[in-house]
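A closer look at the structure
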Amino acid sequence: MKEQSRQLDFRSALPVLLYIPNIIDYVRIGLLIGSWISYYPSAWISLISYVVSILLDAVDGMAARHWKQTSAFGAWLDVVVDNLGRGFLWCQLCNFGFFVTALEWLAFVCTHTLGPTWKSNIAGPRLIQAVMKNNFRSPVGSFVILSLNLLPVWLYCIRFELLTEIHLPLAIQYSVLLAMVAGRITCAMVEIWVIYSHILQLCLKNKNASQ
């Protein structure tokens, strides 16, 4: 009886699992695996696989809206694939990469607990509000999200001298790097604030329950 119930549950979930945007995310996972396998043997193949995965991140959102295939699972999967990709790069690039990845996963746990409206449920100082304004579509928010996604890629290109191969001056390489580091630090401040806010909410819930 239990097996039949589980089978029925799976059959009910199967259409959502096979939504076009979710299939795109499965392809992204395959690309990330390919990027990981080719990390040392071929820096360019690894980079291209990773960048294509990032570009598909925009495609899955457009596909979800076009085919009206938005879902809670799809929203969760999209962020999971993003975190897996950045986590893979950060942990390969530097010793403190684990802490950057851990911060991202902690923030994800906190926002996912709050549900799809988490962006409107978090209040904070002016900087936090400026970054999160219009779902990160403000100039500051766009810069922070860009730095979040591209900083590990830029570091990878510098480490393997891929930018030097295409004759990009070192001054430009490190100027862009500094700008992205500033953006990623700002992003870390938002992540820390999200975690802090979530901890406060948990404590308040516990206090209210005990009264």
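The coordinates are above.
The rules behind each value
Residues numbered from 1 in each chain as written. Predicted model: local features only at pLDDT ≥ 70, side-chain atom pairs only at ≥ 80, totals over all residues. Heavy atoms only, no water. Helix = DSSP H or I, 4+ residues; strand = E, 2+ residues; numbered from the N terminus. Buried < 20%, exposed > 50% of the residue type's maximum accessible area, 1.4 Å probe, protein only. Contact = heavy atoms within 4.5 Å. Areas by Shrake-Rupley, 256 points an atom, 1.4 Å probe, with all protein chains shown as cover. Lys, Arg positive; Asp, Glu negative; His and termini not counted. Charge placed at Lys NZ, Arg CZ, Asp CG, Glu CD. Phe/Tyr/Trp six-rings, centres within 6.5 Å; stacked < 30°, edge-to-face > 60°. Core = buried A, V, L, I, M, F, W, Y, C linked by side-chain atoms within 4.5 Å.

So, on to the overall build of the chain. Counting its secondary structure elements, the chain contains 10 helices and zero strands. Counting from the amino terminus, helix and strand elements in the chain follow one another as α-α-α-α-α-α-α-α-α-α. Taken over the C-alpha atoms alone, the chain extends approximately 60 × 45 × 35 Å along its principal axes. Expressed as a percentage of the 211 residues in the chain, the buried residues total 38%. Pairs at least 24 residues apart make up 70% of the contacts formed inside the chain by residues separated by at least 6 positions. Carbon together with sulfur atoms contributes 69% to the accessible area of the chain, which is approximately 12900 Å² in total. The centroid of the 15 positive side-chain charges in the chain is displaced by 11 Å from the centroid of its 11 negative side-chain charges.

Right, let's talk about the side chain of Asp-60 for a bit. In this fold, Asp-60 is placed in helix H3 (residues 43-66). When sequence neighbours within four positions are dropped, the list of residues in contact with Asp-60 reads Pro-21, Ile-24, Asp-25, Arg-28 and Asp-78.

As a further point, take the packing of aromatic side chains. Using the criterion set out here, one finds 11 aromatic pairs in the structure. Aromatic pair Phe-98 and Phe-99: ring centres 5.6 Å apart, planes at 75°, arrangement edge-to-face. Assigned by exposure class, Phe-98 and Phe-99 land together as exposed. Ring geometry for Trp-105 versus Phe-108: centroids 5.9 Å apart, planes at 75°, classification edge-to-face. Linking Trp-105 with Phe-108, this pair stays in helix H5 (residues 97-114), spanning three residues, or about one helical turn. Among the aromatic residues, those joined into a cluster by ring pairs are Tyr-39, Tyr-40, Phe-88, Tyr-156 and Phe-160.

Take the nonpolar core next. Counting 22 residues, the largest nonpolar core has Leu-89 and Tyr-156 as its most contacted members. If you list the elements that add at least two residues to this core, you get H3, helix H4 (72-93), helix H8 (139-159), helix H9 (162-165) and helix H10 (170-210). Apart from residues no more than four positions distant in its own chain, Leu-89 is found in contact with Tyr-39, Tyr-50, Pro-152, Val-153 and Tyr-156. With 15 residues, the next largest nonpolar core counts Cys-110, Trp-118, Met-132 and Val-144 among its residues.

Read these as layout, nothing more, since geometry by itself doesn't imply function.
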